[in-house]
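Remarks on the overall topology
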Amino acid sequence: MEYYNKVIESINVRFLRGNNYRVEKPVTIVNYEETDNTLVLLHHGTLKFGEDQELVNEGEVLFLPGGQKTPLTIGGSAKKIEIDLDQFTESKKKHLQSLSFREIKNTEDDCISMVSFESKVFDVVNFFNSLDIPPFIIRFNDRLATIIEDLMKEMEQTHVGRERALKAQTEILVIELLRHILKNRLFLEELSTNSTYFKDPRLIDLFNYIKTNLGGDLSNKILAKVANVSEDYVGQYFKMLTGINPQDYIEYQRMEAAVELLRTTKKSIRDIGKEVGYKDTAYFCRRFKMMYGVPAGKMRRRESLINV
């Protein structure tokens, strides 16, 4: 249990988007794929997936891990229309019509809700993608369906704290998804064999050290001491387990910290640069613009206008 708690604590979750659809024209997409992890709640009608076209019952949820292809049938019809993903993308409005959550509750038409989210371990590894698990149905889990419905309701609100509420509910959504996987003993082999980044405590130590020392010396020499490996090997070691170079990861973390400081403080850009590890303000500004496409000062002004 401690191992899985460590997994959950290490995952950073972000809400990406949510949509409600009424099925206008039933269709089978032979190679359906979502870029991001997506949960599909079937309210009414027909939803099938996989080579065997396994049936999702009303009130159940289909989980589509990002990057996993599967045949997907949306809506029931005697006349079967089969198209590929590119064709579906071009003609999506012919098949699916957006509607509000309130409208879903007042119709018996074929309807689905879709919620997409990001789940990265230490902002590096796409957790569910790394497990390489196939799409699957989440049966007999009313709580998960309720959380999805709550997310869709929140999306249609204009209350203060909407974005914060969406983030909090998405975190609960991912926890409930992981609890369902563990409770039903699904993909335990994938969890134990593919999550290599949890098996070596040295990597956890590196992540934690970087997070708490963004303004300090994070050279490979220092990282090697933290991980107790040679300086020549630490870069290879980090990339082997995460897929990214340590210095690229460090710069990403520093820039994300800088964005947060721009949004939440009145510190000067020079002071922010120093706080996240850049002694040279001009270099910090160049790297910031290269990463985000806008100067740091312009992002601050944009954020100030948004928060007025």
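Looking now at the overall build of the protein. When its secondary structure is counted, the protein shows 15 helices and twelve strands. Taking the principal axes of its C-alpha atoms as reference, the protein extends roughly 65 × 50 × 35 Å. When burial is assessed residue by residue, the protein has 45% of its 308 residues classed as buried. Here the contacts in the protein between residues at least 6 apart in sequence split such that 74% fall between residues at least 24 apart. For the protein, the exposed area adds up to about 16700 Å²; of that, 47% sits on carbon and sulfur atoms. Taken together, the 44 basic and 45 acidic charged side chains of the protein have centroids lying 7 Å from each other.

What follows covers the packing of helix H6 (residues 142-155) against helix H7 (residues 162-183). At a closest axis distance of 10 Å, the pairing of H6 and H7 adopts a crossing angle of 165°. Accordingly, the angle class assigned to the pair H6 and H7 is roughly antiparallel. Between H6 and H7 the crossing geometry is left-handed. In contact with Arg143, Leu144, Ile147, Ile148, Asp150, Leu151, Glu154 and Met155 of H6, H7 contributes Arg162, Ala165, Leu166, Gln169, Thr170, Ile172, Leu173, Glu176 and Leu177. Class assignment of the residues belonging to the contact of H6 with H7 gives a composition of ten nonpolar, two polar and five charged.

Here the phi dihedral of arginine 185 falls at roughly 55°; this positive angle occurs in a residue that is not glycine. Turning to its location among the elements, arginine 185 is positioned in the loop between H7 and helix H8 (188-194).

Below, the discussion takes up the sheet that holds strand E8 (residues 82-83). Think of a sheet as strands paired side by side through backbone hydrogen bonds, with each pair either parallel or antiparallel. The strand order across the open sheet built from five strands is E5-E4-E7-E2-E8, with neighbouring strands paired in mixed fashion. Two strands bound the open sheet, and with one partner strand each, they are strand E5 (54-56) and E8. As paired elements, strand E2 (residues 27-32) and strand E7 (residues 70-74) share four bridges and run antiparallel to each other. Among the inter-strand pairings, tyrosine 32 is bridged to a residue of E7, identified as threonine 70.

Within this structure, the stated rule accounts for 15 aromatic pairs. Seen in terms of ring centroids, phenylalanine 63 and phenylalanine 128 are 5.2 Å apart; in terms of plane orientation they differ by 75°. Their pairing is edge-to-face. Taken together, the residues span a long stretch of sequence, with phenylalanine 63 in strand E6 (residues 61-64) and phenylalanine 128 in helix H5 (residues 127-131) at a distance of 65 residues. Across the pair, exposure class does not vary: phenylalanine 63 and phenylalanine 128 are buried alike. An aromatic cluster is present here, built from Phe63, Phe117, Phe127, Phe128, Phe136 and Phe187 joined pairwise through their rings. Note that arginine 254 overlies the ring of tyrosine 278, its terminal NZ or CZ placed 6.0 Å from the centroid.

A few words now on the pairing of E2. Relative to E8, E2 runs parallel, the two sharing two bridges. For isoleucine 29, the partnering residue across the bridge sits in E8 and is isoleucine 83.

Here we come to the environment of glutamate 60. Tracing the backbone through its elements, the reader meets glutamate 60 in the loop between E5 and E6. Since its relative accessible area comes to 7%, glutamate 60 is described here as buried. Separated by 19 residues in the primary sequence, glutamate 60 and leucine 41 have C-alpha atoms spaced 6.0 Å apart. Residues contacting glutamate 60, with those up to four places away along its chain left out, are Val40, Leu41, Leu42, Ile137, Ile138, Arg139 and Phe140.

Attention now moves to the nonpolar core. With 52 residues, the main nonpolar core has Phe63, Phe127, Phe128 and Leu173 as its most contacted residues. With near-sequence residues (within four places) excluded, phenylalanine 63 lies in contact with Asn37, Thr38, Leu39, Phe117, Phe128, Ile133, Pro135, Phe136, Ile138 and Leu177. Judged by nonpolar contacts, the second largest core, of 21 residues, contains Val40, Phe49, Val56 and Leu64.

With respect to the element layout, aspartate 200 can be found in the loop between H8 and helix H9 (201-212). Overall, aspartate 200 belongs to the buried group, its relative accessible area being 15%. Through-space distance from the C-alpha of aspartate 200 to that of alanine 227 is 9.8 Å; in sequence the pair is 27 residues apart. Setting aside residues up to four positions removed in sequence, aspartate 200 forms contacts with Tyr237 and Leu241.

Rules used in this analysis
- Residues numbered from 1 in each chain as written.
- Predicted model: local features only at pLDDT ≥ 70, side-chain atom pairs only at ≥ 80, totals over all residues.
- Heavy atoms only, no water.
- Helix = DSSP H or I, 4+ residues; strand = E, 2+ residues; numbered from the N terminus.
- Buried < 20%, exposed > 50% of the residue type's maximum accessible area, 1.4 Å probe, protein only.
- Contact = heavy atoms within 4.5 Å.
- Areas by Shrake-Rupley, 256 points an atom, 1.4 Å probe, with all protein chains shown as cover.
- Lys, Arg positive; Asp, Glu negative; His and termini not counted.
- Charge placed at Lys NZ, Arg CZ, Asp CG, Glu CD.
- Axes fitted to C-alpha atoms, helices over the stretch in contact; angles between N-to-C directions.
- Parallel < 35°, antiparallel > 145°, perpendicular 65-115°, else oblique.
- Left-handed = near helix turned anticlockwise from the far one by under 90°.
- Nonpolar A, V, L, I, M, F, W, Y, C, P; charged D, E, K, R; others polar.
- Pairing = 2+ DSSP bridges.
- Phe/Tyr/Trp six-rings, centres within 6.5 Å; stacked < 30°, edge-to-face > 60°.
- Lys NZ or Arg CZ within 6 Å of the ring centre and 35° of its normal.
- Core = buried A, V, L, I, M, F, W, Y, C linked by side-chain atoms within 4.5 Å.

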